[in-house]
There are 2 protein chains.
Amino acid sequence: MQLDFTAQLREKRTRVTPSRLAVLSLLEKEKRPLSVEKIITAIGEDAIDYVTVYRTVTLLKELGLIRQIDFHHGHAHYELASLGDHHHVVCVKCDKVAEVARCNAKRMEQEILKESGFSTITDHSLEFFGICRNCSI
Amino acid sequence: MQLDFTAQLREKRTRVTPSRLAVLSLLEKEKRPLSVEKIITAIGEDAIDYVTVYRTVTLLKELGLIRQIDFHHGHAHYELASLGDHHHVVCVKCDKVAEVARCNAKRMEQEILKESGFSTITDHSLEFFGICRNCSI
DNA sequence: ACACACATGCAACTAAGTTGCAAGTAAGAT
DNA sequence: ATCTTACTTGCAACTTAGTTGCATGTGTGT
């Protein structure tokens with residue numbers, strides 16, 4: 001299934017530019033959270049300025065097309081929001097990241113809307129931290 | 001209930017110093033996630049060096065006495081690990097933070113240990129992002 | 001109260017992310 | 001097709017977050 005990022009950007013009333021399409025299709029291809037550094041390397045540092053990447057991920061996050069994730073690595077990671085409700089386990093020794101099946105956070109969101117004084121929940125992030133088998137030997 | 005941080009530090013075979021006790025008892029008093037900046041202000045910038053605060057939170061996190069939390073504010077927050085399994089909702093417009101009741105992540109941890117190739121789960125973090133009533137007007 | 005490994009403070013540094021501004025470009029109007 | 005204009009990009013300079021090296025200070029076991 002090929003996502004139509006052009007249509008998605010137009011729907012959000014923002015311009016369709018090569019930078020935005022490059023970041024979106026890279027994240028679609030990789031299907032995992034990437035740092036800004038990895039995004040620049042993948043697109044090519046002659047092809048895009050790092051400031052443009054920062055501005056692009058900030059915009060795409062505000063539009064809800066991508067999601068920011070924090071692995072306690074000292075910098076942010078980003079993945080396609082349409083990957084849905086899946087999460088990660090991070091090894092605190094070697095920084096290895098594995099995937100975790102879907103959780104029931106959607107049900108919690110309903111409770112939050114009732115109780116917390118928030119009018120909308122746009123996203124959530126759930127990360128587990130532990131030690132992978134390789135590091136526990 | 002007054003926690004005996006001295007005993008906790010000794011049990012972890014590390015030194016009991018004024019800096020460590022100051023950070024731990026501040027976090028116990030506040031009962032909410034604090035940034036390094038807030039920790040320095042609260043303790044007093046003449047009373048503790050900011051490098052010591054960074055080294056202290058890194059150590060206390062490794063010892064499992066405090067927990068690192070990320071609100072997508074551009075810097076880390078820390079709270080007492082003994083506050084247990086509670087989480088947060090963050091307004092993406094004004095950065096307001098509210099608390100959320102306990103989730104069932106402990107059950108998920110059991111599944112992760114079976115399936116993911118990890119031998120230990122030391123912690124997890126669950127943050128919701130949305131828009132608070134004040135910002136939605 | 002001694003010795004020594006560990007903790008702290010200071011200065012310098014690296015890494016992550018932001019801002020201002022001039023030049024370039026997407027997209028609607030002609 | 002070309003024009004116009006507001007939005008986007010690239011570059012340089014900057015701010016903020018966090019780290020490292022080293023000399024001095026201090027907690028803890030003897």
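Residues numbered from 1 in each chain as written. Chains lettered and ligands numbered in written order. Predicted model: local features only at pLDDT ≥ 70, side-chain atom pairs only at ≥ 80, totals over all residues. Heavy atoms only, no water.

What counts is decided by this rule: UniProt positions are given in the numbering used here, feature names are shortened, and annotations may be inferred rather than shown by experiment.
Under the annotation held in an unreviewed UniProt entry, chain A carries the name Transcriptional repressor. Among the UniProt annotations of chain A, the heading Sequence similarities (unreviewed entry) holds the following wording: "Belongs to the Fur family."

1. Concerning the protein's contact with DNA strand D
Operational definition: Proximity criterion: a residue is near a molecule or strand once any of its heavy atoms comes within 4 Å of it. Counting of polar contacts relies on pairs of N or O atoms within 3.5 Å, with two restrictions inside protein: one atom must be capable of donating a hydrogen and the other of accepting it, and residues adjacent in sequence are counted only when both atoms are side-chain atoms. Numbering goes from the N terminus for both helices and strands, where a helix is a DSSP run of H or I of at least four residues and a strand is a run of E of at least two. Asp, Glu, Lys and Arg are counted as charged, while Ala, Val, Leu, Ile, Met, Phe, Trp, Tyr, Cys and Pro are counted as nonpolar; the rest, among them Gly, fall into the polar class.
In the neighbourhood of DNA strand D, 22 residues make up the surrounding shell, with A:Thr17, A:Arg20, A:Thr52, A:Arg55 and B:Val16 lying closest. At the protein interface, 64% of the atoms of DNA strand D within 4 Å belong to sugar or phosphate. Note that a phosphate oxygen of DNA strand D is positioned 3.1 Å from one of the side-chain N or O atoms of B:Tyr54. Among the elements of the structure, α2 (18–30) and α4 (50–62) of chain A together with α4 (50–63) of chain B are those that each provide at least two residues to the surface near DNA strand D. Across the surface near DNA strand D, the residue classes break down as nine nonpolar, six polar and seven charged.

2. Remarks on α4(B)
All names here are of chain B. Cut-off, in case you're wondering: Take the number of residues in a helix, subtract one, and multiply by 1.5 Å to get its expected span. Per-residue accessibility, obtained with a 1.4 Å probe over protein chains only, is compared with the maximum for each type, and a residue is labelled buried under 20%, exposed over 50%, and partly exposed between these values. When we speak of the arc, we mean the arc of directions from the helix axis to the C-beta atoms.
With 14 residues, α4 ought to run about 20 Å at 1.5 Å a step, and its terminal C-alpha atoms sit 20 Å apart, in line with that. Those residues of α4 that fall on the buried side of the exposure criterion are Val53, Thr56, Val57, Leu60 and Leu63. Projected down its long axis, α4 carries its buried residues within an arc of 125 degrees, all on one side. Across from the buried face of α4, at angles greater than 90 degrees, the exposed residues are Arg55 and Glu62.

3. As for the pairing of strand β6 (residues 118–132) of chain B
Let me state the cut-off plainly: DSSP-based pairing: two strands are paired if at least 2 bridges between them are found.
The element β6(B) is largely enclosed, with a buried count of 11 among its 15 residues. Where strand β6 (residues 118–132) of chain A meets β6(B), 13 bridges bridge the pair, whose relative direction is antiparallel. Bridge pairing in β6(B) links A:Phe118 to B:Cys132. Direction of pairing for strand β4 (residues 87–91) of chain B relative to β6(B): parallel, over a ladder of four bridges. Across the sheet, the residue bridging to B:Val89 is B:Phe128, located in β6(B).

4. Considering the domain arrangement of chain A
Residue and element names in this part refer to chain A. The cut-off we apply is this: What counts as a domain boundary in this text is fixed by an automatic or database domain assignment. When checking whether two residues touch, look at their non-hydrogen atoms; a contact exists if any pair is within 4.5 Å. Note on terms: buried area is the combined drop in 1.4 Å-probe accessible area of two parts once they are placed together, counting the loss on both. What makes a salt bridge here is a side-chain nitrogen of Lys or Arg within 4 Å of a carboxyl oxygen of Asp or Glu, nothing more.
Each domain of chain A was delimited in the assignment, giving domain 1 (1–83) and domain 2 (85–137). One C-alpha centre belongs to domain 1, the other to domain 2; they are set 21 Å apart. Every contact between the two is made by 10 residues of domain 1 and, on the other side, 11 residues of domain 2. Here domain 1 meets domain 2 over a buried area of about 830 Å², counting both sides, of which 55% is carbon and sulfur. Interface area lost by domain 1 to domain 2 is led by Arg67, Phe71 and His73, which between them contribute 52%. For the interface between domain 1 and domain 2, the tally reads one salt bridge. Two residues, Asp123 and Arg67, come together in a salt bridge whose shortest N-O distance is 3.3 Å. There are two residue pairs in polar contact (both at pLDDT 80 or more) connecting domain 1 and domain 2.

5. What about the sheet that holds β4(B)?
Formally: Structural elements are reduced to axes, namely lines fitted to C-alpha atoms, with helices fitted over the stretch in contact, and the angle between N-to-C directions of any two is expressed from 0 to 180 degrees.
One open sheet holds the six strands; their spatial order is β5(A)-β4(A)-β6(A)-β6(B)-β4(B)-β5(B), and the pairing between them is mixed. Lying at the two open borders of the sheet, with one neighbouring strand each, are β5 (97–100) of chain A together with β5 (97–100) of chain B. Across this sheet, the average inter-strand angle for adjacent strands is 30 degrees, counted without regard to direction. Seen against the sheet, helix α5 (residues 105–115) of chain B touches β4 (87–91), β5 and β6 of chain A together with β6 of chain B and runs at an angle of roughly 135 degrees to β6(B).

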